[in-house]
Amino acid sequence: MDGFRPRTVRVRSTTRPKVGRCRSGPRGGDSVGSNTDWMLHGSCRTADPDALFVEGAAQNRAKAVCAGCPVLTECLAEALDHRIEHGVWGGMTDRERRALLRRRPTVMSWRGLLEQARAEYERQAADGRKELTRTG
Ligand code: SF4
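Rules used throughout
- Residues numbered from 1 in each chain as written.
- Predicted model: local features only at pLDDT ≥ 70, side-chain atom pairs only at ≥ 80, totals over all residues.
- Helix = DSSP H or I, 4+ residues; strand = E, 2+ residues; numbered from the N terminus.
- Buried ≥ 20, exposed ≤ 12 C-beta atoms within 10 Å, placed from the backbone.
- Axes fitted to C-alpha atoms, helices over the stretch in contact; angles between N-to-C directions.
- Parallel < 35°, antiparallel > 145°, perpendicular 65-115°, else oblique.
- Left-handed = near helix turned anticlockwise from the far one by under 90°.
- Contact = placed C-beta atoms within 7 Å.
- Core = buried A, V, L, I, M, F, W, Y, C linked by C-beta atoms within 7 Å.

**Let's talk about the environment of Gly112**
Relative to the helices and strands, Gly112 is located in helix α4 (residues 110-135). Of the residues examined, Gly112 has 12 C-beta atoms within 10 Å and is grouped as exposed. Put simply, Gly112 and Ala77 are 35 residues apart on the chain and 8.3 Å apart in space, counted from C-alpha to C-alpha.

**A look at the packing of helix α2 (residues 72-81) against α4**
Relative orientation of the contacting elements α2 and α4 amounts to 155 degrees, with a least axis distance of 8 Å. Relative to α4, α2 is oriented roughly antiparallel. Remark: the crossing between α2 and α4 carries right-handed chirality. Taking contact as the criterion, the partners of Thr73, Leu76, Ala77, Leu80 and Asp81 in α2 are, on α4, Trp110, Arg111, Leu114, Glu115 and Arg118.

**Structural notes on the nonpolar core**
Inside soluble globular proteins, nonpolar side chains tend to come together where they are buried. The biggest cluster of nonpolar side chains holds 18 residues, and the ones touching the most others in it are Leu72, Cys75, Leu76, Ala79, Val88 and Trp89. For this core, the secondary-structure elements that each account for two or more residues are α2 and α4. If one sorts the elements of this core by residue count, α2 sits on top with six residues. Once residues lying within four places of it in the same chain are set aside, the contact partners of Leu72 are Cys66, Gly90 and Gly91.

**Regarding the environment of Gly90**
Within the fold, Gly90 resides in the loop between α2 and α3 (94-103). With 24 C-beta atoms packed within 10 Å, Gly90 lands in the buried category. Taking C-alpha positions, Gly90 is 7.7 Å from Ala77, a pair spaced 13 residues apart along the chain. When near neighbours in sequence (up to four residues on either side) are disregarded, Gly90 contacts Cys66, Leu72, Cys75, Leu76 and Ala79.

**Description of unusual backbone geometry**
The phi torsion at Arg83 lies on the positive side, around 50 degrees, for a residue other than glycine. Secondary-structure assignment places Arg83 in the loop between α2 and α3.

**Concerning α2**
Among the ten residues in α2, nine count as buried, and that is most of the element. The complete set of buried residues in α2 reads Leu72, Glu74, Cys75, Leu76, Ala77, Glu78, Ala79, Leu80 and Asp81. The secondary structure elements touched by the buried residues of α2 are α3 and α4. In the stretch just after α2, Arg83 is the one whose phi turns positive, near 50 degrees.

So this is what it looks like as structure tokens:
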């Protein structure tokens, strides 16, 4: 696979679970207690290795890499469920994720919640397409 170089994330906290995400985004590796096959499909897998670990305004540019990523939901869920503290994951900066976690402290599985929301969105979109087809 072109440009696929799995690496290990820089671990800055000893309380954080081991996550085998490369420094530039979830390009590979495995994660304790989760299915990480999605990492093979991230839009960032061919990006600059340091592109998603930037500070300040550069984070907005880094987030642009996530726009349209086919595994955005899985990536964000991984970061939220494992309390990953650094870098852009799933289109959110570390600061944005911390704020979200503070707002929703009772969520036990972000993966489950986000997958449920995506399924509902897709169901509603399909219903809307059917309605458009029916009404012409
Ligand atoms: S959402 Fe962003 S960080 Fe996550 S896999 Fe996709 S491009 Fe990479």
